[in-house]
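Residue-level structural notes
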Amino acid sequence: MRLKICQVGEPALRQNARVLSREDILSGYLQELIEWMRETTRDAPGVGLAAPQVGLPIQLAVIEDRPEYIERIGSSHAAERQRNPVPFHVIINPKLRVEGTEIAEFFEGCLSLAGFGALVPRSLQVSVECLDHRGEAVSIRAEGWYARILQHEIDHLNGILYIDRMLPRSFSTQENYVRYGKGETSMLTEPRG
């Protein structure tokens, strides 16, 4: 089932999501929701989707950066972004910690701001403590683009959109980014979160 993705301005995107209990996580409803979110993300296509983006204020996000997404942007763009495939997984009740001081600025898009993007500074290394789809504790250490995806999706769980962190003068339609930006086409082919 494909879920409706909320667009900027909808109140669900600006709420703090509630923590899920182990009982919540193991419920049939939540397990089904995870599958629906996976289908919705792949259909979009996107690299991540947080529950608030489908109108549910709960601490849950799905993440997957598929090899074919990376192939579309080319090896030089992938290397520049430190972008590697990330298998499908779920993060629940995540706690993010920035590691190191390195920051990178790249264009980001978002499934909840369809057709737009902007330069967003993000930490290059993060660690995340969370629960998985079985309610088991998981520790994630991520760098490069994967670290960016985690920061973007966890922001959604706290009512934050990339436009709150962007470099304002870089905000653009995807079409104009390609036309007047760096001459790259990567923004049009990079899935959003």
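In what follows, the structure referred to is the one given above.
Residues numbered from 1 in each chain as written. Predicted model: local features only at pLDDT ≥ 70, side-chain atom pairs only at ≥ 80, totals over all residues. Heavy atoms only, no water.

The antiparallel open sheet is built from three strands, whose spatial order is 4-5-8. Because the sheet does not close on itself, it has two edges, and the strands there are strand 4 (103-108) and strand 8 (172-173). Summarising the sheet, strand 5 (residues 116-123) and strand 8 pair through two bridges and their orientation is antiparallel. Across the sheet, residue glycine 117 finds its bridge partner in strand 8, namely serine 172. (Pairing = 2+ DSSP bridges. Helix = DSSP H or I, 4+ residues; strand = E, 2+ residues; numbered from the N terminus.)

The full count for this structure, using the stated rule, is 18 salt bridges. Taking the shortest distance from any N to any O, the salt bridge between arginine 148 and glutamate 108 comes out at 2.7 Å. Of the two residues, arginine 148 is situated in helix 5 (residues 144-157) and glutamate 108 in strand 4; the sequence distance between them amounts to 40 residues. The pair formed by arginine 148 and glutamate 108 is uniform in burial state, with each residue classed as buried. A cluster of three or more residues bridged by salt bridges with shared partners is formed by Glu108, Arg122, Arg148, Asp155 and Arg165. (Salt bridge = Lys/Arg side-chain N within 4 Å of Asp/Glu carboxyl O. Buried < 20%, exposed > 50% of the residue type's maximum accessible area, 1.4 Å probe, protein only.)

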